[in-house]
Structures are given as C-alpha cells and as structure tokens.
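# Topology and contacts: notes
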Amino acid sequence: MNPLQARVAQWVREDVRALTAYHVPPAAGLIKLDAMENPYGLPDALRAEWARVLCDAPLNRYPDADAPRVKHQLRATQGVPDGCDILLGNGSDEIIQMIVLAVAQTGRAILAPEPTFVMYRMIALYAGLRFAGVPLREDFALDVTAMLEALEREEPAVVFLAYPNNPTGNLFDERDIAQIIEAAPGLVVIDEAYAPFAEASYLSRVLQYDNVVVMRTLSKMGLAGLRLGYLAGAAAWLQEFDKLRLPYNINVLTQFSTDFLLQHQAMFDAQTAELRRARDELCLELAALPNFQVYPSRANFILLRVPTGQGTPIFDHLRRHGVLIKNLHGQGGQLLDCLRVTVGTAQENRTFLDILGHYVAA
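These numbers were taken from a predicted model, which means no experiment stands behind them. (Residues numbered from 1 in each chain as written. Predicted model: local features only at pLDDT ≥ 70, side-chain atom pairs only at ≥ 80, totals over all residues. Heavy atoms only, no water.)

### With respect to the overall build of the protein chain
Looking only at helices and strands, the protein chain features 15 helices and 13 strands. For 362 residues, the compact-globule estimate of 2.2 N^0.38 gives 21 Å, and the protein chain sits close to it at 21 Å. Here the protein chain holds 362 residues, and the buried ones make up 49% of them. Counted over contacts in the protein chain with a minimum sequence separation of 6, partners at least 24 positions apart contribute 72%. The averaged location of the 41 negative side-chain charges in the protein chain is 5 Å from the averaged location of its 32 positive side-chain charges. (Helix = DSSP H or I, 4+ residues; strand = E, 2+ residues; numbered from the N terminus. Rg over C-alpha atoms; globule rule 2.2 N^0.38 Å. Buried < 20%, exposed > 50% of the residue type's maximum accessible area, 1.4 Å probe, protein only. Contact = heavy atoms within 4.5 Å. Lys, Arg positive; Asp, Glu negative; His and termini not counted. Charge placed at Lys NZ, Arg CZ, Asp CG, Glu CD.)

Rendered as structure tokens:
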C-alpha cells in the first residue's frame, strides 16, 4: 500500500471502501434496451418550441429553491391528490437518500423484498444502516409470511415496495401490501417509478394511511435526462425529509423543461400506451422461443429466464450484434439465467428478436 492508498484507507469508512460503485455500461453505437428508457424523442416541432423556452432560463441565477411551477404541473398532470405535499428530488435516488438519512440511527434497519431496485440496499449501506432483504417467492410474488416475520424481527424504520417491481416487472398483490402496511412499525415507501405502464397506483389512496408515501419519477415516461423524481404524502413526513434536501437540487433547466413539457402530457400518454401494446406483443414472441420463461410485466421491460447456462452467452451475442440489454445472471440466486430487456421502438424490438432468434436457431 503506497502513502496515498494508506491515507485513503485511514479516512474513508471501511464499509464504503468495501462497496462497489454503481456501474453504467457504455452504450455508444448500440441499440439501448438496458435502462428502461422511453425510446421516443420529442417531435421536431415540440423540440424547437422547448428550445425557445430554455432560452429564457436565467443560467446566471440560482433556480427557484421550491420549484412551485413544477409542483403545479405535477398536481395537474400526475394525479397528486389535494392535501398531499410534494418533495422533489434529483431522480428517485436522491429521494431514497433523503428518506434513509432522515431515519438513520445506529442499529436501525431498512427492509425490502428481493430481488428489487438495488439502490434501496446501496443507500442503506451508504448511511451505515442494516439492510434486510426478504426473498420473493419463486414466481416473484411477495412472501407475506416471511415479510411479516421480518417486520417483527427487524423493526425496520422504512420498508420499500416497488410497484411494479424492478427487475421482475410484476405488481405485488394489493392484499399482501395491505398486510405489510398494517404491520410495518415505520414508514412504507411505495415506489411507482413505472406507473405510466402499470395502470395501477396507490397515489390516490396515499393519505388513507399515516405510514405511507408514494415515490415517482418522470424518467420512465420519457424524461430520463431531466432527472426529476418526486415524493407525495402527508406533510408531517415530507417536511422532515425536506430538511435533508440540498439547496437548489432541481436545476433551472430541469425546472423550465418540466414546466413546459408536462403541458404536453397527452403526447407522453400516447407514447406510453404504445409501449404497453408493444410490451405485450414482445412478451408473446419471447414466450414462443423454446425453453424461455417470460414473466408477466406491468412495466416497460420484460424479465425472461433463458435455458440453463445461456444467460451470459445470449447477452454477449446480442451486444456483439449491436443490442444492449441487462444481464442479471451475475446477481445469482433467483436471477440465475435471467435477462431483462427494455421495450423499444417497433424496429428496435424487431432487431432484438431477430438477433436473439438467430442465436436460438444456431
């Protein structure tokens, strides 16, 4: 260990040094079907109008710290109920971080079913908390008995439930979620990142519970580059989380863009409706491949289990031929031999299927 490494080891927390940074694979030149993005860009006319709006953004000034125009558009277009507070984040990740930091005390736990969104575990560990993962059933449904036992054993400060779940794509049963909400000693965060594709939500019911908040993002509906997430719920919770929000966390370009683009919500709704239709068609075609197991999806991606030992070879074959999907095989456990593909345009989906079909037929 050289002097620089020794100094880093002395001052950086040991548990942080043991972590692995979140990896985003390079995608230049590839059909990108790995990150659950909306594949459709803005129409040219709308893009030009958006550019004119951005010309008025005062880049020499700090953005509005509270972003009231953004919150107004979210209430108008996303179905946020009257009486709910809204907290904005630089993507959902920052909101998860605010929530976890707000409850972080020595010995406390964060709980979630697994496999699920990796940032629940990662941010809990960043904050020095214990993470309790409860395995899903073989069909990726909630194991309610195991969840209730874990709630009693761990007494978690926060339970995260992705609805639909990532990377499995399924909606958990509402009766199972109700049991967890009723038994949870602390907060339950229902993560609805894929709400535009799920046609199911807790947002309208969030104020019926005193221990539930709903988290969403604009990323999946077509605005991933803006990095805007939001939390909706009772003021008593959100006012505490807001104390951990860094000043000016939503930049002026994101604020101007969101205010303008949400006035065109109907366009995004049409795009997500098309992606839902394409998702269902893609599921049928994948299910017709021999020895492929395709899991039902209510998101804009599909989880599939391929023949034993073929997960990484199929992933590598697709990448060599210009298509990038997500290889989940390396996570092991219930995700052995599993791949996840984002629903793309009709041409992207066709290219993916053709390349995959050539591999299967070889």
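Following the structure, the description resumes.
### Remarks on the pattern of salt bridges
Taken as a whole and judged by the stated rule, the model has 22 salt bridges. Notably, a salt bridge pairs Arg245 with Asp242, separated by 2.7 Å at the nearest N-O pair. Residue Arg245 is classed as buried on the basis of its relative accessible area, which comes to 16%. Taking the shortest distance from any N to any O, the salt bridge between Asp354 and Arg350 comes out at 3.3 Å. (Salt bridge = Lys/Arg side-chain N within 4 Å of Asp/Glu carboxyl O.)

### Quick word on the pairing of strand β3 (residues 109-114)
In terms of burial, β3 is a largely internal element, five of the six residues being buried. Crossover handedness for the path β3 to helix α6 (residues 118-126) to strand β4 (residues 130-135): right-handed. (Right-handed = clockwise from strand over helix to strand, strands pointing away.)

### Section: the sheet that holds strand β5 (residues 158-162)
Pairing is mixed across the open sheet formed by seven strands, whose spatial order is β2-β8-β7-β6-β5-β3-β4. At either end of the open sheet lies a strand with only one pairing partner, and these are β2 (85-90) and β4. Neighbour to neighbour, the strand axes of the sheet diverge by 25° on average, direction disregarded. Taken together, the five bridges between β5 and strand β6 (residues 187-191) define a ladder with parallel strand orientation. Residue pairing in the sheet places Val159 in a bridge with Val188 of β6. (Pairing = 2+ DSSP bridges. Axes fitted to C-alpha atoms, helices over the stretch in contact; angles between N-to-C directions.)

### Details of the packing of helix α13 (residues 265-287) against helix α15 (residues 346-361)
Across the interface, α13 lies against α15 with an axial gap of 11 Å and an inter-helix angle of 10°. Taken together, the axes of α13 and α15 are roughly parallel relative to one another. Between α13 and α15, the contacting residues are Ala278, Leu282, Glu285 and Leu286 on the first element and Asn349, Arg350, Phe352, Leu353 and Leu356 on the second. A class-by-class count of the residues in the contact of α13 with α15 yields six nonpolar, one polar and two charged. (Parallel < 35°, antiparallel > 145°, perpendicular 65-115°, else oblique. Nonpolar A, V, L, I, M, F, W, Y, C, P; charged D, E, K, R; others polar.)

### Observations regarding the layout of surface pockets
Estimated volume of the largest pocket: approximately 1400 Å³. Forming the boundary of the largest pocket are 50 residues, of which Tyr22, Phe117, Val118, Asn166 and Lys326 lie nearest the centre. Looking at the lining of the largest pocket element by element, the count peaks at five residues for α6. When grouped by side-chain class, the residues that make up the lining of the largest pocket number 25 nonpolar, 13 polar and twelve charged. (1 Å grid on protein atoms, 1.4 Å probe; cavity = no way out; pocket = protein on both sides within 12 Å on 5 of 7 lines; lining within 4 Å. Points joined across faces, edges and corners; volume = space filled by probe spheres on them.)

### Quick look at the environment of Ile190
Along the polypeptide, Ile190 turns up in strand β6. Linking Ile190 and Tyr202, residues twelve residues apart in sequence, is a C-alpha distance of 7.6 Å. Those residues in contact with Ile190, other than ones at most four positions away along the chain, are Leu161, Tyr163, Ile177, Ile181, Tyr202, Val212, Val213, Val214 and Met215.

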